[in-house]
There are 4 protein chains.
Amino acid sequence: MQIAMIGLGRMGANMVRRLLRAGHECHVYDVSADAVAALVAEGARGAGSVEELVAGLEAPRSVWLMLPAAITGDTVSTLLGALSRGDAIIDGGNSSYRDDIDRAEVAAAQGIDYVDCGTSGGVWGLERGYCLMIGGPDGAVARLSPVFAALAPGVESAPRTPGRDGEPSPAEEGWLHCGASGAGHFVKMVHNGIEYAIMGAYAEGLNIIRNAGAGVRKAEVDAETAPLREPKYYPFDGIDLPEVAEVWRRGSVIGSWLLDLTAEALRQDPHLDQFAGRVSDSGEGRWTSIAAIEEGVAAPLLTSALYSRFASQGSDLFANKVESAQRFQFGGHVEKQQ
Amino acid sequence: MQIAMIGLGRMGANMVRRLLRAGHECHVYDVSADAVAALVAEGARGAGSVEELVAGLEAPRSVWLMLPAAITGDTVSTLLGALSRGDAIIDGGNSSYRDDIDRAEVAAAQGIDYVDCGTSGGVWGLERGYCLMIGGPDGAVARLSPVFAALAPGVESAPRTPGRDGEPSPAEEGWLHCGASGAGHFVKMVHNGIEYAIMGAYAEGLNIIRNAGAGVRKAEVDAETAPLREPKYYPFDGIDLPEVAEVWRRGSVIGSWLLDLTAEALRQDPHLDQFAGRVSDSGEGRWTSIAAIEEGVAAPLLTSALYSRFASQGSDLFANKVESAQRFQFGGHVEKQQ
Amino acid sequence: MQIAMIGLGRMGANMVRRLLRAGHECHVYDVSADAVAALVAEGARGAGSVEELVAGLEAPRSVWLMLPAAITGDTVSTLLGALSRGDAIIDGGNSSYRDDIDRAEVAAAQGIDYVDCGTSGGVWGLERGYCLMIGGPDGAVARLSPVFAALAPGVESAPRTPGRDGEPSPAEEGWLHCGASGAGHFVKMVHNGIEYAIMGAYAEGLNIIRNAGAGVRKAEVDAETAPLREPKYYPFDGIDLPEVAEVWRRGSVIGSWLLDLTAEALRQDPHLDQFAGRVSDSGEGRWTSIAAIEEGVAAPLLTSALYSRFASQGSDLFANKVESAQRFQFGGHVEKQQ
Amino acid sequence: MQIAMIGLGRMGANMVRRLLRAGHECHVYDVSADAVAALVAEGARGAGSVEELVAGLEAPRSVWLMLPAAITGDTVSTLLGALSRGDAIIDGGNSSYRDDIDRAEVAAAQGIDYVDCGTSGGVWGLERGYCLMIGGPDGAVARLSPVFAALAPGVESAPRTPGRDGEPSPAEEGWLHCGASGAGHFVKMVHNGIEYAIMGAYAEGLNIIRNAGAGVRKAEVDAETAPLREPKYYPFDGIDLPEVAEVWRRGSVIGSWLLDLTAEALRQDPHLDQFAGRVSDSGEGRWTSIAAIEEGVAAPLLTSALYSRFASQGSDLFANKVESAQRFQFGGHVEKQQ
């Protein structure tokens, strides 16, 4: 079917490629003329502006946005001016689901369908397919199902869950209509919250193994360092972390795609010397914890993962200074130099 | 090669089967004569006592224990009385790595090798193979390598990590000599700590999605319940959790074996009505957090996962009562009835 | 000076009493005519409606609201219709500081000052005085300073901080102009977040002491319960908690008013049998954690305290069921009955 | 009564002074002759060695140790060789309660009483008195009660808990016999765990207030930084933290001695520029969390406080690098420079 894509970065361009391979007719636009040209060379139809892009489509039009969250809002406004009743906007970026709810309300007043599509797969999606979590009106989602099916990995990308047979459900193909506008990004948001925690779980565990030789390292003897009560139980200096990550990939309970990536990273750079340990967070992790709090639902793991990232960014410095100051006040403790 | 197995429960019996299939000569013993008989019928050689088992082996003997942690210590003592210099004991159960360190010291004084082997794979190991994390003397581990290779899943059970080629390392086959006695159970312990956190991450995320309709449920209006500031952002009642778990299995960043199992559990029983939510913990999770604390290494995720299990067991009841009592004291707040 | 109070519940009525004692002229209104009558008997001037209340005041008028958060918004709207340029509204309740920011904007457009006043002190405030955290325009806050001074505890209620001498600052009297409208409730919000964590700290600590006899209690011997490695280190059954709370009140580093209340609660009911352990949360704790997340600042303690309350309310039940289901899937573990 | 003190550092010397003031006969020893001389000048009787100290005492002897935990064990061994049946050793330092249990067993075999005394009060104890948490045999504790009474702050140091009247209990005087040997340090250990959490609670809260102007600071616009959805709600740049800490000291629910110290620290140095934010931990915090874990009791706040200290010491660097590496692997995300 005919589909337009605005935003041809890492994600958008590869999604167009995957759609072209499946035989869909792709119209593309980006602020970078080079990005447009590259895809035109691969079979897409290019446009020089949003208006030109829209003008080239047949009704009902479907325009997919793959843009940084900060720009999406303005582009949606532009599009709402250019589209007509019955058309659909699909936001496949990392928008807050709250923006979807607000924008869908505005779009619906014009008879335009607003579809949000949380997209997971990263730089690997072209090859592996994208996992799609979708919110929006039933009719629009149904009309767009060939697009979703082309982007999704397909049922054969994982063994079927025992007990599922017959015609695979869309979820088994790798795309799911989760509910009304916003529901797709809501599920994707939680997905990312879970992702943070799984990443953090491996990170903490590997760090514990890396320090398993604490008993044989020269202990500092001073009043500010708690001595190890039984150093004989921490003799394991130098456990081979790349091999540990590798062995867990086969037969263990904790095998996962994130473990595969961890094993690859450790193989390339066993001490990860190229990284400084400043971990960014990109919004969904924050929003997931906020949703938990507003729902009154405990999420200690997901929020701990987020807070560890904040701490890695240095934002707890003042809090730590307060504690050092308190210790100095009540005990005369002077801070230890590193 | 010749190997003896003591303990023919769910794990031990299946490991013997996997070893028999690989052509190894298995001598078996269990307190249950039926368990012995069942494996004799499948080709193992049975014994009626530990002494008889040992008597039937050629030196250097290799005796593998697959027993509950509470019984392992006594059996090791018995074995140390029956074995000779150059023999090896392998503990494949869920012992604390500290017990390994203590026992290896005693065994070494008699010239007996003590090998600890953390084993992951659960009830699925017979089919999938077992992930083996091993500690102990180099010579003994080398001598036992055909046994480890037979139990492990083999390199073909997962795609090779990019950059690894040529002859697969043992870790790529699914078994790893991690270090001295105790190192195997140490790595297995941390593996379980990670497992708790990954399980908890999915659990918390799914719970947040399950409550995404908080804005449309009848809110209680009283001074003891915090009202939702913007209920319009929690309209998603009834998102289909079995389908969400399913869609995440294909193409997403959070695909894993634990997710596969979660999807299967939700398919069978979407509301998990058969469970009461009392989550047991079996030791390794506790020991992992203790190791982090003694090493001076932060592990907020792994410990949160553990504490959530404790709370599910009801152990925080008194702490909660203290807070209710404090609220009553300073604000006259009376506890809300459920 | 002349001040009007709307809302004569536990907090509002006592604040009027404290103002009357200081010689201020108090005009009062409440939906309950009895509440009005009670204070009229103590020297206040009563009104039968908001409009009547406003009509009885001289410009510039000052109307203080002490209402449940859910009602405050409507009352502000009513007041904005009745008041005139130069008047002031003071919200002393538990409103979100975000509502203050929104309402101050509306009020400012009419030339009305909006002052928010976070109030701590609970049922004890009449006797001890109230700690006041204030936001709003400089002029209005200055004009109202006699009211704040009368409500606050006064400098003599605590020893002066070393290094502070001369004329006490308002903060030393117990009231502080924190910043623009909303800043008062922001600081009060964080105050409550801290309060949750201090309460939780005592609660957790007392619970650990209560379980210090874990080594002498009959341990359950089954595969689903982690055995205590060294029970000899948990012999302290029956440590007297009311006396522990009492001894900490004198000379220790952790003395506090919340500890005083805890000691009193434990003296009255050592096992806290009258409480069920269902701990309510009233909004500020949630908003504090949300503020931390939006600021990108780690607050693991404050959020843990909140999540413990959520868990006490039963909201983690489904998450726990997911973990039990996962354990059943991979290990065949059947849930333990309580 | 007659009492000997070994260890005349900050704590030990001041305790001797407090005992002398109460009229007790103090025999003192320290490796520093100057420290001994200083107290002799104030009325104590000095000794040049442990043996000389013991020789100068009448049976039954009472020797109090106020030493770094690392040295206490050896001194106890020396003392056990010098003392006689019926004598008592009191360890007032920061030993692990597990050492008490082990040492009391050895001492009891010689008929010597082992008393452990957790001591809180820091550098302020001389003036305020010490809070004493005591474990050991009934007879020895009773015999030493005049010493405990002299060191403790006395009932008048805090208002009596409502409902307590008549003769004050020892706990009301500031000392408590908690149970058998080790129980004193156990209660003191938990006290310190609570202390960490209360300190952390203020630290986190003040940090949130310090960042309340996040909406008016120039936001970085890039894909690696989550944008603030509603910056209008974070306009409070520059709230005066020293004044906030001060106002909370009067009338609020969160008043405490640690808050008093925090207010003093902030008064001296509002931005705490003299501190680097590297917070030490001294053993008890670790042991408290380990006790919680071994008891199977959740302590998320106390452990979070500990982990925040670990993170401030830089021990989570490798874990953070793992997460940065994972992000690079799946999304091509390059770490942001500070």
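The structure displayed is predicted, hence computed values, not measured ones. (Residues numbered from 1 in each chain as written. Chains lettered and ligands numbered in written order. Predicted model: local features only at pLDDT ≥ 70, side-chain atom pairs only at ≥ 80, totals over all residues. Heavy atoms only, no water.)

(A) Representation of the relation of the copies chain A and chain D in the model. Here chain A sits on chain D after a turn of 180 degrees about the axis and a move of 0.0 Å along it, with an RMSD of 0.1 Å. A rotation of that kind, with that shift, is consistent with a two-fold axis. When C-alpha positions in chain A are compared against the rotation axis, the closest is assigned to alanine 311 of chain A, at 3.9 Å. (Least-squares fit on C-alpha atoms with pLDDT ≥ 70 in both.)

(B) Broad picture of the interface of chain A and chain D. Opposite the 71 residues of chain A that make contact, chain D presents 70 residues. Buried surface at the junction of chain A and chain D, both sides included, amounts to about 6200 Å², of which 56% is carbon and sulfur. For chain A, the biggest contributors to the area lost against chain D are Phe318, Gln329 and Phe330 of chain A; these three give 13% of the whole. Counting across the chain A and chain D interface gives 4 salt bridges. For aspartate 99 of chain A, the salt bridge identified is with arginine 229 of chain D, shortest N-O distance 2.6 Å. (Contact = heavy atoms within 4.5 Å. Buried area = accessible area lost by both parts, 1.4 Å probe. Salt bridge = Lys/Arg side-chain N within 4 Å of Asp/Glu carboxyl O.)

(C) Here's a closer look at the relation of the copies chain B and chain A. Note on the copies: chain B fits chain A at an RMSD of 0.0 Å, the axial shift is 0.0 Å, and the rotation between them is 180 degrees. Looking at the interface residues of chain B, 100% of them are also at the interface in chain A, so both copies use one shared face.

(D) Seen up close, the packing of helix α13 (residues 284–295) of chain A against helix α14 (residues 300–312) of chain C. Across the interface, α13 of chain A lies against α14 of chain C with an axial gap of 10 Å and an inter-helix angle of 45 degrees. Put simply, α13 of chain A runs oblique to α14 of chain C. The crossing of α13 of chain A and α14 of chain C is left-handed. Two secondary-structure elements touch here, α13 of chain A through Ser289, Ala292 and Ile293 of chain A and α14 of chain C through Leu306, Tyr307 and Phe310 of chain C. Of the residues assigned to the contact of α13 of chain A with α14 of chain C, the class counts are 5 nonpolar, 1 polar and no charged. (Axes fitted to C-alpha atoms, helices over the stretch in contact; angles between N-to-C directions. Helix = DSSP H or I, 4+ residues; strand = E, 2+ residues; numbered from the N terminus. Parallel < 35°, antiparallel > 145°, perpendicular 65-115°, else oblique. Left-handed = near helix turned anticlockwise from the far one by under 90°. Nonpolar A, V, L, I, M, F, W, Y, C, P; charged D, E, K, R; others polar.)

(E) Seen up close, the packing of helix α10 (residues 183–210) of chain B against helix α13 (residues 284–295) of chain B. Residue and element names in this part refer to chain B. Axis separation between α10 and α13 bottoms out at 8 Å; the angle between their running directions is 105 degrees. Looking at the two axes, α10 sits roughly perpendicular to α13. Two secondary-structure elements touch here, α10 through Phe186, Lys188, Met189, Val190, Asn192, Gly193 and Tyr196 and α13 through Glu284, Gly285, Trp287, Thr288, Ala291 and Glu295. Looking at the contact of α10 with α13 residue by residue, the classes come out as 6 nonpolar, 4 polar and 3 charged.

(F) Region of interest: the interface of chain B and chain A. The interface is formed by 96 residues belonging to chain B together with 96 residues belonging to chain A. Approximately 8100 Å² of surface area, both sides summed, lies buried where chain B meets chain A, with 66% of it carried by carbon and sulfur atoms. Between the two partners, chain B and chain A, sit 10 salt bridges. For glutamate 246 of chain B, the salt bridge identified is with arginine 164 of chain A, shortest N-O distance 3.1 Å. Where chain B touches chain A, the interface holds 42 residue pairs in polar contact (both at pLDDT 80 or more). With 17 residues, the top contributor of residues to the side of chain B that touches chain A is α10 of chain B. In the side of chain B that touches chain A, the residues fall into 53 nonpolar, 23 polar and 20 charged. (Polar contact = N/O pair within 3.5 Å; in protein donor to acceptor, adjacent residues only side chain to side chain.)

(G) Quick look at the side chain of serine 95 of chain B. Residue and element names in this part refer to chain B. Of note, serine 95 is situated in the loop between β5 (88–91) and α5 (97–109). According to the relative accessible area criterion, serine 95 is buried, its value standing at 3%. Among the polar contacts listed, one links the side chain of serine 95 to the side chain of aspartate 91, at a separation of 2.5 Å. Ignoring anything within four residues of it in the chain, the contact list for serine 95 reads Ala69, Thr72, Asp100, Arg103, His185 and Trp287. (Buried < 20%, exposed > 50% of the residue type's maximum accessible area, 1.4 Å probe, protein only.)

(H) Structural context of the packing of aromatic side chains. Applying the stated criterion to the full structure yields 34 aromatic pairs over all chains. With a centroid separation of 5.7 Å and 85 degrees between ring planes, the pair formed by tryptophan 124 of chain A and tryptophan 257 of chain A is classed as edge-to-face. Taken together, the residues span a long stretch of sequence, with tryptophan 124 of chain A in the loop between β6 (113–120) and α6 (125–128) and tryptophan 257 of chain A in helix α12 (residues 257–268) at a distance of 133 residues. Taking the relative accessible area as the measure of exposure, tryptophan 257 of chain A reaches 11% and is therefore buried. Grouping aromatic residues by their ring pairs yields a cluster made of Tyr97 and Phe186 of chain A together with Tyr234 and Phe236 of chain B. The cationic tip of arginine 309 of chain A hangs over the ring face of tyrosine 196 of chain A; the distance from NZ or CZ to the ring centre is 3.6 Å. Over the ring of tyrosine 233 of chain A we find arginine 229 of chain C, and its NZ or CZ is 5.9 Å from the ring centre. (Phe/Tyr/Trp six-rings, centres within 6.5 Å; stacked < 30°, edge-to-face > 60°. Lys NZ or Arg CZ within 6 Å of the ring centre and 35° of its normal.)

(I) Structural detail: unusual backbone geometry. Omega for the peptide link from alanine 59 of chain A to proline 60 of chain A comes to -10 degrees, which places this bond in the cis form. Among the structural elements, proline 60 of chain A can be located in the loop between α3 (50–55) and β4 (62–65). Positive phi, normally seen in glycine, also occurs at leucine 272 of chain B, with a value near 55 degrees. Looking at the element boundaries, leucine 272 of chain B is found in the loop between α12 (257–268) and α13. Residue leucine 272 of chain B is classed as buried on the basis of its relative accessible area of 1%.

(J) Quick look at the sheet that holds strand β8 (residues 175–179) of chain A. All names here are of chain A. Taken in spatial order, the 8 strands make up an open sheet running β3-β2-β1-β4-β5-β6-β7-β8, and their pairing is mixed. Both outer strands of the open sheet, β3 (45–46) and β8, are each paired with one neighbouring strand and no more. With 4 bridges connecting them, strand β5 (residues 88–91) and β6 associate as parallel partners. Considered in β6, the bridge of isoleucine 89 is made with tyrosine 114. Where helix α4 (residues 69–82) meets the sheet, it contacts β1 (2–6), β4, β5 and β6, and its direction lies at approximately 165 degrees from that of β4. Helix α10 (residues 183–210) contacts β5, β6, β7 (131–135) and β8 of the sheet and is inclined by roughly 20 degrees relative to β6. (Pairing = 2+ DSSP bridges.)

(K) Representation of the sheet that holds strand β8 (residues 175–179) of chain C within the structure. Residues and elements named next belong to chain C. Pairing within the open sheet is mixed, and its 8 strands lie in the order β3-β2-β1-β4-β5-β6-β7-β8. Of all the strands in the sheet, the pair left with one neighbour each is β3 (45–46) and β8. Of the strand pairs in this sheet, strand β7 (residues 131–135) and β8 are connected by 4 bridges, and their pairing is parallel. Opposite methionine 133, over in β8, you have leucine 176 as the bridge partner. Sheet strands in contact with helix α4 (residues 69–82) are β1 (2–6), β4 (62–65), β5 (88–91) and β6 (113–120), and its direction is about 165 degrees off that of β4. Against the sheet, helix α10 (residues 183–210) makes contact with β5, β6, β7 and β8, and its axis sits at roughly 20 degrees relative to β6, the strand it touches most.

(L) Here's a closer look at the environment of isoleucine 209 of chain A. Counting through the fold element by element, isoleucine 209 of chain A comes out in helix α10. Between the C-alpha atoms of isoleucine 209 of chain A and aspartate 91 of chain A, which are 118 residues apart in sequence, the distance is 42 Å. Among all residues touching isoleucine 209 of chain A, those that are not within four sequence positions of it are Ile239, Leu241, Val244 and Trp248 of chain A together with Phe186, Val187 and Val190 of chain B.

(M) Spatial organisation of the pairing of β6 of chain C. Residues and elements named next belong to chain C. Of all 8 residues in β6, 7 are buried, a share of seventy percent or more. Following the chain from β5 across helix α5 (residues 97–109) to the adjacent parallel β6, one finds a crossover that is right-handed. Relative to β7, β6 runs antiparallel, the two being bridged by 5 bridges. Along β7, the bridge assignment pairs cysteine 117 with isoleucine 134. (Right-handed = clockwise from strand over helix to strand, strands pointing away.)

(N) Here's a closer look at the environment of arginine 103 of chain B. Residue and element names in this part refer to chain B. Here arginine 103 lies in helix α5. The sequence separation of arginine 103 and leucine 8 amounts to 95 residues, and the corresponding C-alpha distance is 22 Å. For arginine 103, the residues in contact, after removing those within four places along its chain, are Thr72, Gly73, Val76, Asp91, Ser95 and Tyr114.

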